[in-house]
Amino acid sequence: MQNVLSLGVLFLLFSGCLAVSREHNITKILAEHPEFSTFNHYLTATHLAGEINRRKTITVLAVSNTGMAPLLAKHLPLYTLKNVLSLHVLVDYFGAKKLHQINGGTAASSTLFQATGAASGTAGFVNITNHRAGRVSFAAEDVGDAPPVNFVKSIKEIPYDLAVIQISSVLSSPEAEAPTPAPAQVNLTTLMSKKGCKTFADLLVATGDAEKTFESNVGGGLTVFCPIDQAMKAFMPKFKNLTADGKLSVLLYHGIPVYNSIQMLKSNNGVVNTLATDGSTKNYNFTVQNDGEVVTLKTRVTVATITGTLIDEDPLAVYTIDQVLEPRELFKPEKTKAPAPAPAPVAEAPTKSRKRHHASPPAPAGPGEAPAADNQKAADDESAAGARARAGPWIVAAAAVGAAVLMVA
């Protein structure tokens, strides 16, 4: 009986080794708590949400809608607001239990503000203090005379990976609130023309409001997939046959109104909307998939692969692809022709004979045909081999567990 129990325990331990790490999505987590909707909105607007989701060990210091009001009243530019909020993302795990067990009562943690290089010196660090009465406070390194900010409650914890906790108000930091210049303006069509996508860039300029639509989305985040000139050359006969609206839709289909770094594309697979998508319907979308380091874009008509990066600087990313993305709304998948059926064998006409016919033995199997008994034996052997292949991993696991049981015994 003892051996059986030991076997069960070891099996559970063995199964636990197969567990995979859990992913997190800060936007979905905070969406379940309407009192943090403003904080959640600005994490998305500043593109910090994607950075939080990509990191494995992180703590988010969330502030309620009421607590965000004084910060928004300062009317800071979006890029400055990003620095302030990045100070609220610690690059370490601090769940409620850990906060109340800080050795020595104090700890310093780096933040995204520090990790990205935006902070000078140690201005991007946050000091955490565990007070005797059980109160935990937070303060930026350059806080000055501002009062400390207190821990309120835990919102969501995935032990040692993610902690989302509420603090009483926004952390004050003169360094984070200092004016931040916006990134230099990039001319999309000029960039693409110089990097192997001249045909696509020329079409953006010549087709309706295509160029204007792309340019107007840069500030809020934009990802562009620009087909290389060779791919566009092969596609041009189809493009010329489209209506004016169809031409515009195809071009807008190559833009996503969200910034996606290459790492984000590799980790966040799934269906995405495009600049051509009608807000009221789920049209003009495609699927992003990756196989290791290779990222593919799949419509219902074509499959394109990302072949290079022209620019990847938040809030703009432009990648080259080897095929034009053809939306199902405008193009039909090419049907593959089924192979023609093999001609039926011609039966030989029976010959007349006055001799008595005797039952003849079955003809021997030809090189491509096995006797019925051999066919059955081959099928049985194949079934047994498949069963052994499927059972292989469990046999290895059972052997390992058995060896461990003998050692316990």
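Every value quoted in this text rests on a predicted model; they were computed, and no experiment measured them.

Once that is clear, we can look at the overall build of the protein. A tally of regular secondary structure across the protein gives 16 helices and 14 strands. Sorting the 409 residues of the protein into buried and exposed places 37% on the buried side. Sequence-distant contacts in the protein: of pairs separated by 6 or more residues, those separated by 24 or more amount to 64%. As presented, the protein carries roughly 24100 Å² of accessible surface, and 56% of it is formed by carbon and sulfur atoms.

Let us now look at the environment of Ala-140. Mapped onto the fold, Ala-140 is located in strand E5 (residues 136-140). The buried category is assigned to Ala-140, whose relative accessible area is 2%. Expressed as a C-alpha distance, the spacing of Ala-140 and Ala-108, which sit 32 residues apart in the sequence, is 9.5 Å.

Here we come to the confidence of the model for the protein. Confidence along the protein averages 80 in pLDDT terms, with 75% of residues attaining 70 or more. Scored below 50 in pLDDT, residues 1-21 makes 11 contacts in the model with residues more than four places away or belonging to other chains. Predicted confidence for residues 351-409 stays below pLDDT 50, and this span has 13 contacts to residues more than four positions away or in other chains.

Scanning the entire structure with this criterion turns up one disulfide. The disulfide partner of Cys-197 is Cys-226, and the S-S distance across this bridge is 1.9 Å. Where Cys-197 bonds to Cys-226 through sulfur, the torsion about that S-S bond is close to 90 degrees, and the disulfide is right-handed. Taken together, the positions of Cys-197 in the loop between helix H10 (188-194) and helix H11 (198-206) and Cys-226 in strand E8 (residues 222-227) put the pair 29 residues apart, joining distant regions of the chain. Residues Cys-197 and Cys-226 agree in their burial class; the two are buried.

Procedures and definitions
Per-chain numbering applies: the sequence of each chain, read as written, is numbered from 1 onward. Note on the predicted model: pLDDT of at least 70 is required for a residue's local features to be given, and 80 or more for side-chain atom pairs to be given and counted; whole-chain, interface and lining totals, by contrast, use all residues. Each side-chain value is derived from all of the structure's non-hydrogen atoms; neither hydrogens nor water enter the calculation. Numbering of helices and strands runs from the N terminus, with a helix taken as a DSSP run of H or I at least four residues long and a strand as a DSSP run of E at least two residues long. Using a 1.4 Å probe on the protein chains alone, a residue whose accessible area is under 20% of its type maximum counts as buried, one over 50% counts as exposed, and one in between counts as partly exposed. Whether two residues are in contact is decided by their heavy atoms: any pair within 4.5 Å suffices. Accessible surface area values rest on a Shrake-Rupley calculation with a 1.4 Å probe, where residue burial reflects the displayed protein chains alone. pLDDT runs from 0 to 100 and stands for how confident the predictor is about each residue. In what follows, a disulfide is any cysteine sulfur pair within 2.5 Å.

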